[in-house]
Amino acid sequence: MKLYCIRHAATSANYSGQMVNGYESCDIADFNKPDDWEDKIGKYIPDEARKFIISSTVRRCLSTSKMLFDRYPDEISTELLEFDCSALGNRKFWEITKAEFDSLVFLPWTTMEKRAYNILNDMCNVIRFDSNAESAVVISHGMILRYLYHFINFNQDISAYDVINSVGFTFSNLDLMIIDTTLLTTEVYHYQQPLEHKWDSNE
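Since the model is a prediction, treat every value here as computed from it, not as a measurement.

*Asks:* Summarise the sheet that holds strand β2 (residues 53–55); cite the residues concerned and give the values.
*Replies:* Across the sheet, six strands lie side by side as β3-β2-β4-β1-β5-β6; this open sheet has mixed pairing. Looking along the sheet, the strands with just one partner apiece sit at the ends: β3 (75–76) and β6 (185–189). Relative to β3, β2 runs parallel, the two sharing two bridges. By the bridge assignment, Ser55 is partnered in β3 with Ile76. The sheet strands contacting helix α4 (residues 59–69) are β1 (2–7), β2, β3 and β4 (135–140), and the helix crosses β4 at an angle near 130 degrees.

As structure tokens, this is what we get:
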């Protein structure tokens, strides 16, 4: 089976880098489909995969499905929800040291590994049961999808701090990662350059 995994479109929080309160209800910043997305990314997603869309339950993922494919997901899954880093408050994640991060967020790699197993098993079971297909579009979140990349590419024990800071692998909004669940391989196609967040000593 192939999963065509897309990170949701950008939100205002993605632009600012702040872990805002109530982020689960945050929506995407622009509801207009980018004119060049199909030419850059969509061309890698076959019609067969587009017949079944599964996403995280939150608004920004549902809106991304509607924006890119002109319909809401066929299925939603709590397994695709973002890892919980809400304890960071409204701090900007790139301005937090590893020690500070670890003191606020308990997210060992074994927890992320278990979720990765659950996602791959759950997606395959849901897609086969509900659509009898061998491929689907999956819309989820930055940390989840970056960790899935590390998981499949034999870097399961990466820290959550490194995942949130995109160490070793960047995956921006509207990027695409194709996961072959049989061969356990990944193909990655980047829509745009990652946002460059910089420390502002005046803030």
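Having seen the structure, we can now continue with the description.
*Asks:* How would you sum up the side chain of Asn173? Please name residues and give values.
*Replies:* Following the sequence through the fold, Asn173 ends up in the loop between α8 (160–164) and β5 (176–180). By relative accessible area, which is 6% here, Asn173 ends up buried. Polar contacts involving the side chain of Asn173 include one to the main-chain carbonyl oxygen of His8, which spans 2.9 Å.

*Asks:* Describe the nonpolar core, and please don't skip the residues or the numbers.
*Replies:* Of all hydrophobic cores here, the largest spans 42 residues; its most connected members are Leu3, Phe101 and Leu148. Those elements that provide at least two residues to this core are β1, α6 (109–131), β4, α7 (142–152), α8 and β5. A total of eight residues in this core trace back to one element, the largest contributor, which is α6. The residues touching Phe101, leaving out its near neighbours within four places in the chain, are Cys85, Leu88, Ile96, Ala160, Tyr161 and Ile164. Counting residues in hydrophobic clusters, the runner-up holds 20 residues, among them Tyr4, Val58, Met67 and Ile139.

*Asks:* Could you give an account of the packing of α6 against α7, naming the residues involved and the relevant values?
*Replies:* At their nearest, the axes of α6 and α7 sit 10 Å apart, and the two run at 90 degrees to each other. Considered as vectors, α6 and α7 are oriented roughly perpendicular to each other. Each of Trp109, Met112, Glu113, Arg115, Ala116, Tyr117, Ile119 and Leu120 in α6 lies in contact with α7, whose residues at this interface are Ile144, Tyr147, Leu148 and Phe151.

The rules behind each value
- Residues numbered from 1 in each chain as written.
- Predicted model: local features only at pLDDT ≥ 70, side-chain atom pairs only at ≥ 80, totals over all residues.
- Heavy atoms only, no water.
- Pairing = 2+ DSSP bridges.
- Helix = DSSP H or I, 4+ residues; strand = E, 2+ residues; numbered from the N terminus.
- Contact = heavy atoms within 4.5 Å.
- Axes fitted to C-alpha atoms, helices over the stretch in contact; angles between N-to-C directions.
- Buried < 20%, exposed > 50% of the residue type's maximum accessible area, 1.4 Å probe, protein only.
- Polar contact = N/O pair within 3.5 Å; in protein donor to acceptor, adjacent residues only side chain to side chain.
- Core = buried A, V, L, I, M, F, W, Y, C linked by side-chain atoms within 4.5 Å.
- Parallel < 35°, antiparallel > 145°, perpendicular 65-115°, else oblique.

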